[in-house]
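What follows is the residue order along each chain.
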Amino acid sequence: MSRTTVQPNSAIPVKVKRRKKLSPERIVSVCTPLVMLILWWMISLAVGEKYLTSPGKIVTTIGVLFTDGYVGTNLTTHIVASLFRTIGGYVLAILLAIPIGLWMGMNKYVSAILSPVFAVIRPIPAIAFLPLFIMWFGIGEVARVMLIFMSAFLYIVLNTYSGVKTIPNGLIQAAKNLGANRIQLFSKVIFPATLPSIMTGLKAGLAVSWAIVVAAELMAAQEGLGYMIMDAATFFRMPVVYVGIVLIGLIGLILENIISIIEKKSCHWSGK
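In this report, we go over the structure that sits alongside the text. Please read these numbers as outputs of a predicted model, since none were measured by experiment. (Residues numbered from 1 in each chain as written. Predicted model: local features only at pLDDT ≥ 70, side-chain atom pairs only at ≥ 80, totals over all residues. Heavy atoms only, no water.)

**Some thoughts on the overall build of the chain**
Condition: Runs of H or I in DSSP of at least four residues are treated as helices and runs of E of at least two as strands, each being numbered from the N terminus. Burial classification: accessible surface area is computed with a 1.4 Å probe over protein chains only, and a residue below 20% of its type maximum counts as buried, one above 50% as exposed, and the rest as partly exposed. Here the Shrake-Rupley method, with its probe set to 1.4 Å, supplies the accessible areas, and only the displayed protein chains count as covering residues.
Scanning the chain from terminus to terminus reveals 10 helices and 2 strands. The order of α-helices and β-strands along the chain, N terminus first, is β-β-α-α-α-α-α-α-α-α-α-α. Expressed as lengths along the three principal axes of its C-alpha atoms, the size of the chain is roughly 80 × 70 × 30 Å. For the chain, the proportion of its 272 residues judged to be buried stands at 35%. For the chain, the exposed area adds up to about 16,700 Å²; of that, 69% sits on carbon and sulfur atoms.

**Section: the side chain of Thr53**
Just so we agree on the cut-off: Should any heavy atoms of two residues lie within 4.5 Å, those residues are considered in contact.
Note that Thr53 resides in the loop between α1 (24-47) and α2 (55-68). Setting aside its immediate chain neighbours within four residues, Thr53 contacts Trp40, Ser44, Ile58, Met238, Pro239 and Tyr242.

**Remarks on helix α6 (residues 141-165)**
For an α-helix the count is 3.6 residues per turn, leaving residues at separations of three or four pointing the same way. For clarity, the cut-off: To estimate the expected span of a helix, count its residues, drop one, and scale the result by 1.5 Å. We define the bend at each residue as the angle formed by axes fitted to the 7 residues ending at it and the 7 residues starting at it.
With 25 residues, α6 should cover 36 Å at 1.5 Å per step; its first-to-last C-alpha distance of 36 Å lies within 8% of that length. Ala152 marks the point of greatest bend in α6, at about 25°. Of all 25 residues in α6, 18 are buried, a share of seventy percent or more.

**Thoughts on the pattern of salt bridges**
Let me state the cut-off plainly: We count a salt bridge whenever a side-chain nitrogen from Lys or Arg sits within 4 Å of a carboxyl oxygen from Asp or Glu.
Using the criterion set out here, one finds 5 salt bridges in the structure. Across the salt bridge formed by Arg85 and Glu217, the nearest N and O atoms sit 2.8 Å from each other. One end of the pair, Arg85, is in helix α3 (residues 75-106); the other, Glu217, is in the loop between α8 (182-216) and α9 (225-234), with 132 residues separating them in the sequence. Neither residue differs from the other here; Arg85 and Glu217 are each classed as buried. A salt bridge links Arg237 to Asp231; the shortest N-O distance between them is 3.8 Å. Exposure remark for Arg237: the relative accessible area of 36% places this residue in the partly exposed category.

**Quick word on the layout of surface pockets**
Quick note on the threshold: Definitions used for this entry: grid spacing 1 Å over protein atoms alone; cavity, a set of points where a 1.4 Å probe fits but cannot get out; pocket, an open set with protein on both sides within 12 Å along at least 5 of 7 lines; lining residue, one with an atom within 4 Å of a point. Grid points are joined across faces, edges and corners, and a volume is the space filled by probe spheres set on the points. Note that Gly is not counted as nonpolar here; it falls among the polar residues with everything else outside the nonpolar set of Ala, Val, Leu, Ile, Met, Phe, Trp, Tyr, Cys and Pro and the charged set of Asp, Glu, Lys and Arg.
What the largest pocket holds in volume is close to 470 Å³. Taken together, 17 residues form the lining of the largest pocket, with Gly105, Met106, Asn107, Ile172 and Ile190 sitting closest to its centre. At 5 residues, the largest contribution of residues to the lining of the largest pocket is made by α8. Of the residues in the lining of the largest pocket, the class split is 9 nonpolar, 4 polar and 4 charged. By volume, the second largest pocket is sized at about 220 Å³. Every residue along the wall of the second largest pocket is listed here: Pro33, Met36, Leu37, Trp40, Tyr242, Ile245 and Val246. Of all elements in the fold, only α1 and α10 (238-266) reach the threshold of two or more residues within the lining of the second largest pocket.

Structure (C-alpha cells):
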C-alpha cells in the first residue's frame, strides 16, 4: 500500500511507500523450520550420529553425492530418474482420469457401471498391485510407471466425479433455460464448477505419486532416490539414507507449491 503526500514547496505529489508488516501466522511459519532444525541438531548431538544424522552432516553428504555420486551415479541423475517416473505415471493418470471422472459425473449409466468398480478398487493400496505389474510388464520402467499411474489415477478420477456431482442442479437448469447447448453447458458451467475439485485431486494424486516412487524403484532399479535409500540402508550408510529422505520431502514440497500456484491461477474465483 502507499499514500500520497504533497511537499510544502512543491505541487508534485510524492508517494510514500509503507512497509508490509509480517502477520503472526507468517512469522510462525518462518520460525517453525528453524526451530525444528535446531531441535534436530541438539537431538543428534545427544544420541549420536549413529542413530540420528545431524543437519550439518546431511549438507556435507549432499555435496559429496553431487560431486562423487552414489555407486558411480551422480545425485542429479538419481533425482531426474525419480522425477521422470513420477511425472510419466502422473501425466498418464491425468489424461485418463479427468475425462473418465467427467463422463461418470455427466452420465448416470456410466456412473452406474463404473462406480461399483471404483468402490472395490479404492480401498486397495497401490503397492498391492506391484506383483501383478511385475508379472504383466516385467521389472522394467513400464511396471514402475504403471504403479505410479495407479496410485494417482484413483484420486483424480474420484475427485473429478465428486466435483461434477456437487454442482447445483439449479445452475445447470438456469444455463439450459438461457439456451446453452451441450458444448456451452460443459465449457461454461460444468467444467469451471468442477475445476476446484479436479485441482484437489491433482494435488493429492501428485503427493501420492511422489511418495510411491520409493516402492516403484524397488523393482530392480539402478537409479532413483528410492533405489539410493534402499541400497544405502542395506549397507548401513545412514547419511545417504537421510539425504534421500530429505530430498524427497523438499522436492515434494516444490511440486506441491507448483500445483498450488496453478490452482490459484486457474481457480482464482474459488472461495470468493
